[in-house]
Amino acid sequence: MVWLSEKWAEVDKLNDTITQYAREYLTMNEKEARKLQVIRGRENWYETVDNEGVKILMNLDDATCDCGMWQMNGLPCTHAIAVFIMYNKEFPHNHVHWFYSKQAWQLTYEGVINPILDESRWEKVKVPHQQRKRLIKCPMHQLVQPKGLNLMNAVQAILQQHIWAMFAPK
Ligand SMILES: [Zn+2]
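Residues numbered from 1 in each chain as written. Predicted model: local features only at pLDDT ≥ 70, side-chain atom pairs only at ≥ 80, totals over all residues.

- Under an unreviewed UniProt entry, the name given to the protein chain is SWIM-type domain-containing protein, and the organism recorded is Acer negundo.

Below, the structure is given as C-alpha cells:
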C-alpha cells in the first residue's frame, strides 16, 4: 500500500510526457546522434554513417533500424534520433513506445489498496457448526473424514495412497 502511494506521488510529480528513464535514454543518445551523417533514401528509408564509415539503414514507417534497438526497446535509437533531429526536424520523444508515456505509468499505479485494521481488531464471527463443516470441505478432507483423522494424518494417508498406487503390482 505504501509502495503504491509513493509510486503514485512520484508519477504525479513528473513534469514530462514520457518517463524519466525514456528522457535520459533519448538525451544520452542524442549526443551520439549528432555525430552521424544522415542520407535520405526512397520513401521513408534513411542511412546513417558514422565517423568510421559504418552504414546503418532505418525505416521510419516501420520504426525499424538495422541496429535492432528501436524494435527491441521501443525507444528511438541513436540512428533514428539522428534522422528525427537533423533531417525531419521532429522531436524523438514523440516516437517512443506508449509504454514509456506518463499516461501508461499513471495507469500502472492507478489501483488503490485501502488500509485495513490489525487482525486483532477484526470482528469475531460465529459460524454455525454445519456451515463450518461445509467451509472446510475439500477432496482431501472427504477422503479422510470417515476415518476421523486430523489434517497431518490426512496428508500422510493421501501420500501413502499415491505411493501404494505407484508401486502396486499391475
Ligand atoms: Zn539504430
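**Let's talk about the nonpolar core**
Thought 1: Residues Ala 22, Leu 75, Ala 80, Ile 81 and Val 83 are the most contacted members of the largest nonpolar core, which totals 19 residues.
Thought 2: Put simply, the parts of the chain that give this core at least two residues each are α2 (20-33) and α4 (78-87).
Thought 3: A total of five residues in this core trace back to one element, the largest contributor, which is α4.
Thought 4: In contact with Ala 80, not counting residues within four places along its chain, are Met 58, Cys 65, Trp 70 and Pro 92. (Core = buried A, V, L, I, M, F, W, Y, C linked by C-beta atoms within 7 Å. Buried ≥ 20, exposed ≤ 12 C-beta atoms within 10 Å, placed from the backbone. Helix = DSSP H or I, 4+ residues; strand = E, 2+ residues; numbered from the N terminus. Contact = placed C-beta atoms within 7 Å.)

**Observations regarding α4**
Thought 1: Burial analysis of α4 places seven of its ten residues in the buried class, the great majority of the element.
Thought 2: Buried-residue contacts for α4 involve α2, β1 (37-40), β2 (45-49), β3 (55-59), β4 (64-65) and α3 (69-73).
Thought 3: Among the residues trailing α4, Lys 89 stands out with phi positive, at a value near 55°.

**Looking at the sheet that holds β3**
Thought 1: One open sheet accounts for four strands, arranged β1-β2-β3-β4; its pairing is antiparallel. Since the sheet does not close on itself, it has two edges, and those belong to β1 and β4, each with one partner.
Thought 2: Helix-sheet contacts for α4 involve β1, β2, β3 and β4, and the interaxial angle to β1 is about 75°. (Pairing = 2+ DSSP bridges. Axes fitted to C-alpha atoms, helices over the stretch in contact; angles between N-to-C directions.)

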